[in-house]
Amino acid sequence: MAHINAHFLDLPGDYLFSEVARRVAAYTASNPDRKLIRLGIGDVTRPLVPAIIEALNKAVAEQAVAESFRGYGPERGHSFLIRAVIRSEYAELGIEEDEVFISDGAKCDLGNFPELFAADSTAAITDPVYPAYADANIMCGRRIIHLPCTAENGYMPQLPATRPDLIYLCYPNNPTGTVLTKEQLQIWVDYARARDCVILFDAAYETFIREPNIPHSIYEVPGAREVAVEFRSYSKAAGFTGLRCAYVVVPKSVRGLAPDGGRVSLNGLWTRRQSTKYNGCPYIVQRAAEAVHSPEAKAQLREVIDGYLDNARRIKETFERLGLSAVGGVNAPYVWIHLPKGVDSWDFFDTLLTKAGIVSTPGAGFGAHGQGCLRLTGFGAGAATAEAIERLRNFSW
Ligand code: PLP
């Protein structure tokens, strides 16, 4: 019998969302008439905007005609999309065409990228955190260094006491909705340069940033092009959670160490990895993604994102009126609520479910340092969010 990769046995169970689903199903079974409002969701609810639908339809029509039909595209993505990304997102940041790689999702990219590093390298990961970073490294047998992000440190992770090889940073953050200023991010870039670390910067929520002095890209920070790889996604930015498209920026100047002591460009390794294991994001989806960068789509998407942010802001204000402090919801769709001292996040989840019929996500599910907190999102429909706010008017726990 073939031996399995035993590191898979080290993975924690898929506890968070399955446990949420189990508790919701149990409640619904005994309260079938109660309409639940789901404020825990991390998926978008608004449809694709007209400018994107138009581009999709046009690309579909092209596929019906021999002259414009497209088969396999370049593994790294069509140049029309790569050029649109550079023009729209990186015009003044010095990123070149052969440093952008189109894919079908940031989750795959974030999960696949650690393949480039030695099995015994270490990864520093913030806590609480989007679970995919840790799991992808556990699958390779890596040691994880947890970086607490809490109200006490203002949600700015402290530099680790021991040097990690990889550093995962996600800003705007899921689940806390917090951001780092340019100066705060500079501390991490300087650290990575001084210690020869690679920063994996997840900017999946970049389009939600509304405040000035919050970097949209890590490459706005001097020196980042030597040490940082940036992950972006059209999922939340443009409603592509079902359509699927994302990209990674791997500057040629970001390097790792070879066994002989030589310094190897990660760009070359990622090119090799993608051309071996990936055959490219669908042509019609890349045309839709290209349209995201058009002025028409940008205006239409701004309104969609503003709607999600407005939901988040109203949710945050509602809990603040109830006497609970919260962060996030300003530059991110996530609101991170601090529960009263000593209250367990799963207990509060149950109270919110049974007393108000509202589904949330317990902070403890995102890591040990999420205990005592709750994640709510602005991704619900406006009317559902308004009803939730109404139900919470006289809420007590
Ligand atoms: N990164 C973060 C922080 C996310 O929250 C998500 C999705 O929820 C992703 C990446 C994955 O994005 P994609 O849909 O492009 O795979």
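Since this is a predicted model, take the numbers as computed values, not measurements.

Conventions used here
- Every chain is numbered on its own, with residues counted from 1 as its sequence reads.
- Note on the predicted model: pLDDT of at least 70 is required for a residue's local features to be given, and 80 or more for side-chain atom pairs to be given and counted; whole-chain, interface and lining totals, by contrast, use all residues.
- With hydrogens and water stripped out, all remaining heavy atoms of the structure feed into the side-chain values.
- Axis angles are defined between N-to-C directions and span 0 to 180 degrees, where every axis is a line fitted to C-alpha atoms and, for a helix, only to the segment in contact.
- Here a helix means four or more residues in a row that DSSP labels H or I, a strand means two or more in a row labelled E, and each is numbered from the N terminus.
- In this scheme the crossing of two helices becomes right-handed for a clockwise turn of the near helix relative to the far one and left-handed for an anticlockwise turn of less than a right angle.
- Contact criterion: two residues are considered in contact whenever any of their non-hydrogen atoms come within 4.5 Å of each other.
- Domain delimitation in this document rests on an assignment produced automatically or drawn from a domain database.
- When two components associate, each loses some accessible surface as probed by a 1.4 Å sphere; the sum of these losses over both components is called the buried area.
- In these notes, a set of buried Ala, Val, Leu, Ile, Met, Phe, Trp, Tyr and Cys residues joined through side-chain atoms within 4.5 Å is what counts as a nonpolar core.
- Each residue gets one of three labels from its accessible area relative to the maximum for its type: buried under 20%, exposed over 50%, partly exposed in between, using a 1.4 Å probe on protein chains only.
- Here, a salt bridge means any Lys or Arg side-chain nitrogen found within 4 Å of an Asp or Glu carboxyl oxygen.
- Under the rule applied, a polar contact is a pair of N or O atoms within 3.5 Å (in protein, one hydrogen donor and one hydrogen acceptor; residues adjacent in sequence only if both atoms are side-chain atoms).
- The rule for a residue being near a molecule or strand is that one of its heavy atoms must lie within 4 Å of it.
- For every accessible area listed, the method is Shrake-Rupley and the probe measures 1.4 Å; residues are considered covered only by the protein chains on display.
- Side-chain classes are defined by residue name, with Ala, Val, Leu, Ile, Met, Phe, Trp, Tyr, Cys and Pro counting as nonpolar, Asp, Glu, Lys and Arg as charged, and the others, Gly among them, as polar.
- Here, expected helix span is obtained from the residue count minus one, scaled by 1.5 Å.
- As used here, the arc is the angular range of directions from the helix axis to the C-beta atoms.

### Description of the packing of helix H2 (residues 50-62) against helix H10 (residues 283-292)
When two helices pack together, their arrangement is captured by the angle between the axes and the distance separating the axes.
So, point 1. Remark: H2 packs on H10, axes separated minimally by 8 Å, with the N-to-C direction vectors making an angle of 150 degrees. Where H2 crosses over H10, the handedness of that crossing is right-handed. Of the residues in H10, those in contact with Ala51, Ile52, Ala55, Leu56, Ala59, Val60 and Glu62 of H2 are Tyr283, Ile284, Arg287, Ala288, Ala291 and Val292.

### Overview of the domain arrangement of the protein
So, point 1. Taken domain by domain, the protein comprises domain 1 (7-47 + 296-393) and domain 2 (50-293).
So, point 2. Each of domain 1 and domain 2 was reduced to a C-alpha centroid, and the two centroids are 26 Å apart.
So, point 3. Every contact between the two is made by 35 residues of domain 1 and, on the other side, 40 residues of domain 2.
So, point 4. Between domain 1 and domain 2 lies a buried interface of about 3000 Å² when both sides are counted; carbon and sulfur atoms form 64% of it.

### With respect to the nonpolar core
So, point 1. In this structure, Ile199, Phe240 and Phe319 are the most contacted members of the largest nonpolar core, which totals 98 residues.
So, point 2. At nine residues, the largest contribution of residues to this core is made by helix H11 (residues 295-321).
So, point 3. Each of domain 1 (7-47 + 296-393) and domain 2 (50-293) gives at least three residues to this core.
So, point 4. Residues within four places of Ile199 in sequence aside, it is in contact with Ile167, Leu169, Trp188, Val189, Ala192, Ile218, Val227, Ala228 and Val229.
So, point 5. Counting residues in hydrophobic clusters, the runner-up holds 26 residues, among them Leu110, Ala123, Val198 and Val254.

### Regarding the pattern of salt bridges
So, point 1. Inspection of the entire model under this criterion finds 25 salt bridges.
So, point 2. Two residues, Arg163 and Asp165, come together in a salt bridge whose shortest N-O distance is 3.0 Å.
So, point 3. According to the relative accessible area criterion, Arg163 is partly exposed, its value standing at 34%.
So, point 4. A salt bridge links Arg393 to Glu390; the nearest nitrogen and oxygen atoms lie 3.1 Å apart.
So, point 5. Residue Glu390 is classed as partly exposed on the basis of its relative accessible area of 46%.
So, point 6. A single network of salt bridges, built from pairs that share partners, joins Glu19, Arg22, Arg23 and Asp350.

### Concerning the side chain of Asn174
So, point 1. Positionally, Asn174 belongs in the loop between strand E5 (166-170) and helix H6 (182-195).
So, point 2. Among the polar contacts listed, one links the side chain of Asn174 to the side chain of Arg375, at a separation of 2.8 Å.
So, point 3. Contact partners of Asn174, with chain neighbours within four places excluded, come to Val129, Tyr130, Tyr205, Tyr334 and Arg375.

### Topic: the environment of Thr354
So, point 1. Residue placement: Thr354 occurs in helix H12 (residues 345-356).
So, point 2. The partly exposed category is assigned to Thr354, whose relative accessible area is 45%.
So, point 3. For the pair Thr354 and Phe240, spaced 114 residues apart in sequence, the C-alpha separation works out to 33 Å.
So, point 4. Within the local environment of Thr354, its side chain forms a polar contact with the backbone oxygen of Asp350, the two atoms lying 2.8 Å apart.

### A closer look at the site of the ligand
So, point 1. Taken together, 15 residues lie near the ligand, and Ala106, Asp202, Tyr205, Ser233 and Ser235 sit nearest.
So, point 2. Within the backbone of Lys107, a nitrogen or oxygen atom sits 2.9 Å from an oxygen atom of the ligand.
So, point 3. The contact in question runs from an oxygen atom of the ligand to an N or O atom on the side chain of Ser235, over 2.5 Å.
So, point 4. Coverage of the ligand by the protein amounts to 91% of the 400 Å² it exposes when considered alone.
So, point 5. For the shell around the ligand, the secondary-structure elements that each account for two or more residues are helix H4 (106-112) and helix H8 (235-238).
So, point 6. For the shell around the ligand, the element with the most residues is H4, which contributes three residues.
So, point 7. Taken together, the residues of the shell around the ligand sort by class into seven nonpolar, four polar and four charged.

### Remarks on H2
So, point 1. The terminal C-alpha atoms of H2, which comprises 13 residues, lie 18 Å apart, in line with the 18 Å expected from a rise of 1.5 Å per residue.
So, point 2. Inspection of H2 places Ala51, Ile52, Ala55, Leu56, Ala59 and Glu62 among the buried residues, and these make up the whole buried set. For H2, the angular spread of the buried residues around the axis is 135 degrees, confining them to a single face. Residues of H2 that are exposed and point over 90 degrees away from its buried face: Pro50 and Glu54.
So, point 3. Looking at the packing, one finds that the buried side of H2 touches H8, H10 and H11.

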